[in-house]
Amino acid sequence: MSELLIYCNGEYVHKSKASVSVFDHGFLYGDGVFEGIRAYNGRVFKLKEHLDRLYDSAKAIALDIPMSKEEMSEAVLETLRKNDLRDAYIRPLVTRGVGDLGLDPRKCPKPGVFIIAQYWGAMYGDLYETGLTGVTVSVRRNAADALSPNIKSLNYLNNILAKIEANAKGGDEAIFFDSNGYLSEGSGDNIFIIKNGKVYTPPTINNLKGITRATAIELLEEMNIPISVENLGMFDLYTADEIFVTGTAAEAAPLVKVDGRAIGNGKPGPVTKKMIKAFEVITQNTGTPIYKE
Ligand code: PMP
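Residues numbered from 1 in each chain as written. Predicted model: local features only at pLDDT ≥ 70, side-chain atom pairs only at ≥ 80, totals over all residues. Heavy atoms only, no water.

### Here we look at the pattern of salt bridges
- Counting across every chain of the model gives 13 salt bridges.
- Asp-241 is the salt-bridge partner of Lys-195, the closest N and O atoms lying 4.0 Å from each other. Here Asp-241 lies in the loop between α7 (234–238) and β14 (242–247) and Lys-195 lies in strand β11 (residues 190–195), a separation of 46 residues in the sequence.
- When its relative accessible area of 30% is taken as the criterion, Lys-195 is described as partly exposed. (Salt bridge = Lys/Arg side-chain N within 4 Å of Asp/Glu carboxyl O. Helix = DSSP H or I, 4+ residues; strand = E, 2+ residues; numbered from the N terminus. Buried < 20%, exposed > 50% of the residue type's maximum accessible area, 1.4 Å probe, protein only.)

### Some remarks on the site of the ligand
- As a structural note, the neighbourhood of the ligand is formed by 17 residues, with Tyr-156, Glu-185, Ile-211, Thr-212 and Thr-248 the closest of them.
- Note that a nitrogen atom of the ligand is positioned 2.8 Å from one of the side-chain N or O atoms of Lys-152.
- Within the contact set of the ligand, a nitrogen atom lies 2.5 Å away from a side-chain nitrogen or oxygen of Glu-185.
- Relative to its free-state accessible area of 390 Å², the ligand is covered by the protein chains to the extent of 96%.
- Mapped by element, the contributors of at least two residues to the shell around the ligand are α6 (211–222) and β14.
- Classifying every residue of the shell around the ligand by side-chain character gives 3 nonpolar, 9 polar and 5 charged. (Near = heavy atom within 4 Å. Polar contact = N/O pair within 3.5 Å; in protein donor to acceptor, adjacent residues only side chain to side chain. Areas by Shrake-Rupley, 256 points an atom, 1.4 Å probe, with all protein chains shown as cover. Nonpolar A, V, L, I, M, F, W, Y, C, P; charged D, E, K, R; others polar.)

### Here we look at the packing of helix α2 (residues 47–60) against helix α3 (residues 69–82)
- Contact geometry for α2 and α3: axes closest at 11 Å, N-to-C directions at 125°. The orientation of α2 with respect to α3, classified from their angle, is oblique. As for how α2 packs across α3, the hand of that crossing is right-handed. Facing α2, whose interface residues are Leu-47, Leu-51, Asp-52, Leu-54 and Tyr-55, α3 presents Lys-69, Met-72, Ser-73, Val-76 and Leu-77.
- Residue composition of the contact of α2 with α3, grouped by class: 7 nonpolar, 1 polar and 2 charged. (Axes fitted to C-alpha atoms, helices over the stretch in contact; angles between N-to-C directions. Parallel < 35°, antiparallel > 145°, perpendicular 65-115°, else oblique. Left-handed = near helix turned anticlockwise from the far one by under 90°. Contact = heavy atoms within 4.5 Å.)

### A short note on the environment of Ile-90
- Residue position: Ile-90 is located in strand β6 (residues 88–95).
- A relative accessible area of 0% places Ile-90 in the buried class.
- The spacing of Ile-90 and Ala-117 is 27 residues in sequence and 4.3 Å in space, taken between C-alpha atoms.
- For Ile-90, the contacting residues outside a window of four places in its chain are Glu-35, Gly-36, Ile-37, Arg-38, Ala-39, Val-44, Val-76, Leu-80, Ile-115, Ile-116 and Ala-117.

### Observations regarding the environment of Trp-120
- You can see Trp-120 is positioned in the loop between β7 (112–118) and α4 (127–130).
- A relative accessible area of 33% means that Trp-120 is categorised as partly exposed.
- Separated by 33 residues in sequence, Trp-120 and Asp-87 have C-alpha atoms that sit 8.0 Å apart.
- When sequence neighbours within four positions are dropped, the list of residues in contact with Trp-120 reads Arg-38, Tyr-89 and Ala-249.

### Description of unusual backbone geometry
- A positive phi angle, near 50°, is found at Asn-9, a position not held by glycine.
- With respect to the helices and strands, the residue Asn-9 is situated in the loop between β1 (5–8) and β2 (11–14).
- Relative accessible area serves as the criterion here: at 38%, Asn-9 is assigned to the partly exposed category.
- Backbone geometry places Ala-62, a non-glycine residue, at a positive phi of 55°.
- As for its placement among the helices and strands, Ala-62 is situated in the loop between α2 and α3.

### Quick notes on the domain arrangement of the protein chain
- The domain boundaries assigned to the protein chain delineate domain 1 (5–119) and domain 2 (127–284).
- Summarising the inter-unit geometry, the C-alpha centres of domain 1 and domain 2 are found 26 Å apart.
- Of the residues lining the interface, 26 residues belong to domain 1; the matching set on domain 2 comes to 20 residues.
- For the domain 1 and domain 2 pair, buried surface summed over both sides reaches about 1,800 Å², with 62% attributable to carbon and sulfur atoms.
- When the buried surface of domain 1 facing domain 2 is broken down by residue, Phe-34, Tyr-40 and Arg-53 rank first, second and third, together holding 34% of it.
- For the side of domain 1 that touches domain 2, the secondary structure elements donating two or more residues are α1 (25–29), β3 (32–34), β4 (37–40), α2 and β6.
- Here the side of domain 1 that touches domain 2 gets 5 residues from one element, more than from any other, and that element is α2. (Domains from an automatic or database assignment. Buried area = accessible area lost by both parts, 1.4 Å probe.)

Written out as structure tokens, the structure reads:
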């Protein structure tokens, strides 16, 4: 297999040569933004939505991406073409760029733009069939008035601390609450619970405005399954009939146990199974074509 080509500031560089300065503030301070996108069957799923979010995240941290959305979109597609990919996970990143050791972003004249694309299959393997184990974690989701979880920034330490805690407790995924006790999200995915035939998911003040979350809401509406966006607590989580999580990397995945409590009968439920199927159909059949059709 030939070596992966990475988009680095307008050039396509082999993976072994693709590197960033230690003075880049993305490295020094996590000062930058990123996206995670998937391509299925020769098409990029929700490309526009992901790029809109990338530019919104950048705007929120006052970072000017030095190319238009159209140019970024073409660079994503070209990275896939250069690597002969039809099914891939795509990671565009924009860093504040090279500066000095101080944190002042004014010292960084030129943002860095990078795009990595590679094959990445089902993140949770067999667990889509059997279900994941969730662990509620003691670390709280970043407060919206400190570092908004809406910003998909390069600073993922809050999420990593949650993952470390879930790993230590033997779970597959961490479940965050915010400091007010409201259900937030997973370490890398949004959360849905099902109770008495109705689906619930938290509003997006205390979590990332997930693109898979928005897709899941649309699919539920199309399937005439009632969905309500409202604040939820730990009790709602423990007493749910079903739980699933959604994310670009995770896709739609069942959660069958939380903190040692079986969810429903401890197996993926009917609504979750419908969602997994509907998500597979939409991802295999829609999106921006990588190659001319
Ligand atoms: N929350 C967090 C913290 C995430 O990192 C992700 C993955 N991007 C999600 C939710 C899901 O977002 P999306 O469906 O847009 O991938």
